[in-house]
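Inside the fold
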Number of protein chains: 2
Amino acid sequence: MAKQEKQEKQGETFWTDDPAAALSVGPGFVLAAHPTDAAPGFDGDKKAAASALAEGATLLSALQEKFFANSRSGDTRKILLVLQAMDTAGKGGIVRHVVGAVDPQGIDHVAFKAPTKEELSHDFLWRIRKRVPGAGMIGVFDRSHYEDVLIGRVRQLAPPAEIDERYEQINQFEQQLVDDDTTVIKVMLHLGFDEQKARLAERLDRPDKHWKYNPGDVDERMLWPAYQEAYQVVFERTQTDAAPWYVIPADKKWYARLAVQHLLIDALTRMNVDWPPATYDVEVEKARLAAS
Amino acid sequence: MAKQEKQEKQGETFWTDDPAAALSVGPGFVLAAHPTDAAPGFDGDKKAAASALAEGATLLSALQEKFFANSRSGDTRKILLVLQAMDTAGKGGIVRHVVGAVDPQGIDHVAFKAPTKEELSHDFLWRIRKRVPGAGMIGVFDRSHYEDVLIGRVRQLAPPAEIDERYEQINQFEQQLVDDDTTVIKVMLHLGFDEQKARLAERLDRPDKHWKYNPGDVDERMLWPAYQEAYQVVFERTQTDAAPWYVIPADKKWYARLAVQHLLIDALTRMNVDWPPATYDVEVEKARLAAS
């Protein structure tokens, strides 16, 4: 426990600069101008990143437990991590290696698939609203309402005017989450076109990876420029101070994992949580227990 | 990967006997006759258990990934782990240290609390049915429908005749799950009365544990014999071949964790899953990808 406390005070020791600043989407942001193979704020190699990730995991797990503990005595804060990316960009690896370091009791992971018939009969936020995290939880959306302005836009799954309205509906929805004490962290894993090809090729080469591939992945790949443009529009219309976007270079899987871990650690650190005080009289309870 | 394959073949190396047999609830089972501090099938100490748990975690994680992979190509099997116990028996630690070793994408963890007003307006299985795991998932119920014949019985939350009917309703419900390709594993963590006192005392002694205590824990403790009897009735009426119970001595946290891990490994091993074959023509896809 002493070691853990020390680490919490010290924070992450391995960043040369706060990566959050470099990853933020500011005014005039142009996705195409951002490299996919950079590693802003981190000087080491893959091996150094592995030990940094382990250090960060201990810290994240410790902070999360305090965060969760406070929800038991009335703290209503929650976190929502939104993960968006092209196929193979590494969403799954982030869930496994970053989110997986946290107690499953404090995680609410939702993988949004193509909407069902019932979901399609409601407005696009209907199924999303049902899955927002409760107090003390870290919600993780693996894909999200942004699909409705990404594949929705690229494949024209709704009339253009309707899609156009969705950006503002998204902003309003996210503002409601923030008003309800949610820290919203929106992440786009920014993968290179060539790197995607290499990763898809690996899935086709390795029988233990065949299950991760499906022919639709190449169909989507053919529409790469349209998707990049759709993301650009997403950033222009849904980057808000309340619910900010982070664009994370994803060609180096280890970097993307470290960066997302950092965003979670940063959010928890800024909440400044400590163990909550007892909501009962400790001495009275000791006496009751002793008598039992 | 080669190392992983080897371990999968080898299985767990650390058991002296299959613990599942010793932990099963057979005809004539008497809860009170079972020690809470035993460690059937495991010869080592706490330290040996820690390294065994790490070995098992690698194996469990590898088996789970194959299991999950198969669901993508139509395998409808799923697992449901039901955890029941008196307070402080270690359900949370099992979720954190056993379930937490598995990719969060393959876990559907549900902590059932006291039912809400809406839930109470439906039959007791209504809220449970909504949360059963889907194909390829390991569902974890931290408390479950059994609360309705445990606290429900002890605190007379429903008329005796209604509670009496619930056992058969539970058996029918679980048979339906099994018919729907669910492997149901029901675990009762069997904690000693004195050990509970020590654990509650620790929660009262340590400010970082205060949040885990609530005065209701001692209220329930006062009803210990009634709860033990209610569990005894549960075993007599809901032990079935389709959905078996395991009673796990829980005074040694490390043993209970190893034992639950084993039950999951055992269930996955018996499914005999391998990487699923591609559901598409690999060479065709390679050509399409190359051209993209």
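Within any chain, residue numbers begin from 1 and follow the written order of that chain's sequence. A letter from A marks each chain and a number from 1 marks each ligand, given out in the order of writing. Local features are withheld for residues below a pLDDT of 70 in this predicted model, meaning they are given only at 70 or higher, and side-chain atom pairs are given and counted only at 80 or more; totals for whole chains, interfaces and linings count all residues. Values reported for side chains reflect all heavy atoms of the structure, with hydrogen atoms and water molecules removed beforehand.

Under an unreviewed UniProt entry, chain A has the name Polyphosphate kinase 2 family protein and belongs to Leifsonia kafniensis.

Cavity means a closed set of points on a 1 Å grid over the protein atoms alone, one where a 1.4 Å probe fits but cannot get out, pocket means an open set with protein on both sides within 12 Å along at least 5 of 7 lines, and lining means a residue has an atom within 4 Å of a point. Grid points are joined across faces, edges and corners, and a volume is the space filled by probe spheres set on the points. Per the stated rule, a full pass over the model turns up one cavity of 30 Å³ or more. Size it by volume and the largest cavity reaches roughly 30 Å³. In the lining of the largest cavity, the residues fall into eight nonpolar, no polar and no charged. Note on residue categories: nonpolar means Ala, Val, Leu, Ile, Met, Phe, Trp, Tyr, Cys or Pro, charged means Asp, Glu, Lys or Arg, and polar means any other residue, Gly included.

Turning our eyes to something else, we now look at the pattern of salt bridges. Should a side-chain nitrogen of Lys or Arg be within 4 Å of a carboxyl oxygen of Asp or Glu, the pair is scored as a salt bridge. Following the criterion strictly, the structure yields 42 salt bridges over all chains and no others. A salt bridge links Glu65(A) to Arg96(B); the nearest nitrogen and oxygen atoms lie 3.6 Å apart. Of this pair, Glu65(A) sits in helix H3 (residues 46-71) while Arg96(B) sits in helix H4 (residues 91-97), placing the two residues on different chains. With relative accessibility at 24%, the residue Arg96(B) sits in the partly exposed group. Runs of E in the DSSP output that reach at least two residues are strands. Runs of H or I that reach at least four are helices, and both are numbered from the N terminus. Each residue is placed in one exposure class: buried if its accessible area under a 1.4 Å probe, protein chains only, is under 20% of its type's maximum, exposed if it is over 50%, and partly exposed if it falls in between.

All names here are of chain A. Taken in spatial order, the five strands make up an open sheet running E2-E3-E1-E4-E5, and their pairing is parallel. Bordering the open sheet on either side are strand E2 (107-111) and strand E5 (245-249), each of which pairs with just one other strand. Neighbouring strand axes in the sheet, compared pairwise and without regard to direction, differ in orientation by 20° on average. The rule for pairing is simple: two strands pair if DSSP sees at least two bridges between them. Of the strand pairs in this sheet, E2 and strand E3 (residues 138-142) are connected by five bridges, and their pairing is parallel. Looking at the pairing, Val110 lines up with Phe141 of E3. Helix axes are fitted only over the stretch in contact, all axes being lines through C-alpha atoms; the angle between N-to-C directions runs from 0 to 180 degrees.

This part is about the UniProt feature "domain: Polyphosphate kinase-2-related" (unreviewed entry) in chain A. UniProt positions are given in the numbering used here, feature names are shortened, and annotations may be inferred rather than shown by experiment. Taking the UniProt record as the reference, the feature "domain: Polyphosphate kinase-2-related" (unreviewed entry) is found at residues 46-273 of chain A. Across residues 46-273 of chain A one finds 52% helix and 14% strand; the C-alpha atoms that close the span lie 32 Å apart.

Here we come to the sheet that holds strand E3 (residues 138-142) of chain B. Residue and element names in this part refer to chain B. Spatially, five strands are ordered E2-E3-E1-E4-E5 in an open sheet, and the strand pairing comes out parallel. The open sheet has two edge strands with one neighbour each: strand E2 (107-111) and strand E5 (245-249). Taken pair by pair, the neighbouring strands of this sheet meet at an average axis angle of 20°, ignoring direction.

In superposing the copies, a least-squares fit is computed on C-alpha atoms, taking residues whose pLDDT is at least 70 in both. The transformation that overlays chain A on chain B combines an axial shift of 0.0 Å with a rotation of 180°, and the residual RMSD is 0.0 Å. What the superposition gives is, in effect, a two-fold axis relating one chain to the other. The criterion used for residue contact is that any of the two residues' heavy atoms lie within 4.5 Å. Taken as a fraction of all interface residues of chain A, those also at the interface in chain B reach 100%, which identifies the copy contact as same-surface.

Patch building starts from residues that exceed 30% relative accessible area and form no salt bridge, then joins like charges within 9 Å and nonpolar side chains (Val, Leu, Ile, Met, Phe, Trp, Tyr) within 5 Å. Residue-level accessible areas treat just the shown protein chains as cover; the underlying method is Shrake-Rupley with a 1.4 Å probe. Only four residue types enter the charge count: Lys and Arg as positive, Asp and Glu as negative, with His and the chain ends excluded. Each charge is placed at NZ for Lys, CZ for Arg, CG for Asp and CD for Glu. A cluster of basic residues, Lys130(A), Arg131(A), Lys130(B) and Arg131(B), forms a positive patch at the surface. As for its placement among the helices and strands, Arg131(B) is situated in the loop between helix H6 (126-129) and E3.

Across the contact, 46 residues belong to chain A and 46 residues belong to chain B. Of all residues in chain A, Arg96(A), Trp211(A) and Leu289(A) bury the most surface against chain B, accounting for 18% of the area lost on that side. Elements that contribute at least two residues to the side of chain A that touches chain B include exactly H3, helix H4 (91-97), helix H9 (193-205), helix H10 (216-222) and helix H13 (282-290) of chain A. Grouping the amino acids of the side of chain A that touches chain B by side-chain chemistry returns 23 nonpolar, seven polar and 16 charged. Note on definitions: buried area is the accessible-area loss of two parts on being combined, 1.4 Å probe, summed for both.

This brings us to the side chain of Thr36(A). Residue and element names in this part refer to chain A. Turning to its location among the elements, Thr36 is positioned in the loop between helix H2 (19-23) and H3. Polar contacts, as used here, are pairs of N or O atoms within 3.5 Å; protein pairs need one atom able to donate a hydrogen and one able to accept it. Residues neighboring in sequence count only if both atoms are side-chain atoms. Here the side chain of Thr36 touches Asp251 through a polar contact of 2.7 Å, side chain to side chain. Among residues more than four places away in sequence, those in contact with Thr36 are His190, Leu191, Gly192, Pro249, Ala250 and Asp251.

A word on the packing of aromatic side chains. Residues and elements named next belong to chain A. For this analysis, a ring pair means two rings from Phe, Tyr or Trp (six-membered ring only for Trp) whose centres lie within 6.5 Å, classed as stacked if their planes differ by under 30 degrees, edge-to-face if by over 60, and tilted for the remaining angles. The tally for this structure, following the rule as stated, stands at 26 aromatic pairs over all chains. Aromatic pair Phe29 and Phe235: ring centres 5.4 Å apart, planes at 80°, arrangement edge-to-face. Of this pair, Phe29 sits in the loop between H2 and H3 while Phe235 sits in helix H11 (residues 224-238), and the two are 206 residues apart along the sequence. Centroid distance Phe235 to Trp245: 5.3 Å. Interplanar angle 80°. Geometry classified as edge-to-face. Of this pair, Phe235 sits in helix H11 while Trp245 sits in strand E5, and the two are 10 residues apart along the sequence. Across this residue pair, the class does not change: Phe235 and Trp245 are buried. One aromatic cluster is present, built from ring pairs that chain together Phe14, Trp15, Phe42, Trp254 and Tyr255. The criterion is that NZ of a Lys, or CZ of an Arg, lies within 6 Å of the ring centre and within 35 degrees of the ring normal, and then a charge sits over that ring. Against the face of Trp126 rests Lys130, its NZ or CZ located 3.8 Å from the ring centre.

Here helix H13 (residues 282-290) of chain B has its buried residues at Val282(B), Glu285(B) and Leu289(B). Projected onto a plane normal to the axis of H13(B), the buried residues spread over an arc of 60° and lie on a single side. More than 90 degrees from the buried face of H13(B), the exposed residues found are Glu283(B) and Ala290(B). Check the buried side of H13(B) and you find it contacts H9 and H10 of chain A. At the N-terminal end of H13(B), a side-chain oxygen is found 3.0 Å from the backbone nitrogen of Glu283(B), two or three residues along, and the residue is Asp281(B). When we speak of the arc, we mean the arc of directions from the helix axis to the C-beta atoms.

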